[in-house]
Amino acid sequence: MIEMLKQTPKFSWYHITDMSPADEKTLLDDHGLTEQMIGYADDHNESVRMEFDPEADEALIILDVISAEPEPVLTRPLGIVLVNGNLYTFAHRPTDYIKKIFLNGDATFHRSDDDEMSVFEFMVTGIYPLMTMFGDEITEINRQRRAIQAQFSSRKQLTKHTNDLLHLQIQMIYLQNSLANDLIMFDQIRRSYENHVSEADLDRLDAVRVEVEQARDMAGLAMEVINAVADATGSLGNRDLNWTMKVLTVYSIVFTIPTIVSGFYGENVDYLPFAHGASGWWVTIIIMFLMMIGATYLFYHYGFLKK
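Residues numbered from 1 in each chain as written. Predicted model: local features only at pLDDT ≥ 70, side-chain atom pairs only at ≥ 80, totals over all residues. Heavy atoms only, no water.

S.K.: Help me understand the packing of aromatic side chains in this model?
M.R.: The description of an aromatic ring pair rests on the distance of the ring centres and on the angle between the ring planes. Per the stated rule, a full pass over the model turns up eight aromatic pairs. With a centroid separation of 5.1 Å and an interplanar angle of 15°, the aromatic rings of Y14 and Y88 are classed as stacked. Linking Y14 in strand 2 (residues 12-17) with Y88 in strand 6 (residues 86-91), this pair joins segments that are 74 residues apart in sequence. When its relative accessible area of 15% is taken as the criterion, Y14 is described as buried. Classification of Y88 by relative accessible area gives buried; the value is 1%. Positioned above the aromatic ring of Y40, the side-chain terminus of R49 is 4.1 Å from the ring centre. (Phe/Tyr/Trp six-rings, centres within 6.5 Å; stacked < 30°, edge-to-face > 60°. Helix = DSSP H or I, 4+ residues; strand = E, 2+ residues; numbered from the N terminus. Buried < 20%, exposed > 50% of the residue type's maximum accessible area, 1.4 Å probe, protein only. Lys NZ or Arg CZ within 6 Å of the ring centre and 35° of its normal.)

S.K.: Looking at this structure, how should I read the nonpolar core?
M.R.: Generally speaking, nonpolar side chains in soluble globular proteins are found buried as a group. Ranked by size, the top nonpolar core spans 56 residues in total, and within it L63, M131 and F186 carry the most contacts. Of all elements in the fold, only strand 4 (58-66), strand 5 (75-83), strand 6, helix 3 (98-104), helix 4 (119-150), helix 5 (158-193) and helix 6 (199-254) reach the threshold of two or more residues within this core. Tallying contributions element by element places helix 4 first for this core, with 13 residues. Other than its neighbours up to four places away in sequence, M131 contacts L63, D64, V65, D182, F186, V208, E211 and V212. M37, A41, I62 and V83 belong to the second largest nonpolar core, which has 14 residues in total. (Core = buried A, V, L, I, M, F, W, Y, C linked by side-chain atoms within 4.5 Å. Contact = heavy atoms within 4.5 Å.)

S.K.: What am I meant to see in the sheet that holds strand 3 (residues 49-53) here?
M.R.: Hydrogen bonds along the backbone pair up the strands of a sheet, which may run parallel or antiparallel. On the basis of which strands lie adjacent, the open sheet formed by six strands has the order 1-2-6-5-4-3 and mixed pairing. Both edges of this open sheet fall to strand 1 (2-7) and strand 3, since each of them pairs with a single strand only. The mean angle between the axes of side-by-side strands here comes to 20°, regardless of whether they run parallel or antiparallel. Note: strand 3 against strand 4, five bridges, orientation antiparallel. When the sheet's bridge partners are listed, M50 is paired in strand 4 with I61. (Pairing = 2+ DSSP bridges. Axes fitted to C-alpha atoms, helices over the stretch in contact; angles between N-to-C directions.)

This is the structure we're talking about:
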């Protein structure tokens, strides 16, 4: 579906959602876009990139943004095309929310009046709040990590905590990769447009780049903390496993004592104490229990039963 969401004396903005073959034909015939450009901009799996042709007045920008549907991936590509002074944004269901953000902009930047605003200013001021969402997402991941840490005292849920931390690590990998690629792409935009837009527009682009750089640093720190917590969780699991193995080893030794004692008396060897007495059975039972209690005490005394 093609929507014209904004029209000013200097440019028009068209938003394309879940493009159909009819929409593609319209873009080719009526708007002058190329098949290659449309294919890149509408690709669900396109990597972050930027192509700029000042002579043809064309630019293709692919950047990663936060997905409204975080499963199975947390970030999705957003296609932006600048052709003949007009702006085209290509989105799918998980990224269709961006049209509201582009329209509203961000309070950080005061947009010029429609008569004066350039398409580059409109695009950059629309991208800025999309980049701030990365910081919000990292803050939410930190909140989830703290909630997991607060439940570490519950050893019964250790496996669940480990799986939750693994999920957070995967989310952070997507965020870190997207932020690193977006940062490179914004550097490329600045180099490409340095001689084609005003100094004020370049300042706005620099502000977006700073926001992405800060989010990247936040993501790096958050990932280090999550990795440290995950390692600590693994250490707790290993310690519990080691203690379990020690207990099993101790009791496997303790429970060999009845076998040893009964083995002697089961061989029908003469002259064994209590072997022929009327109370010999009970005496051997008592001997077994005393030896088992003594062995267990020795293992406890030397720390084999302590975590």
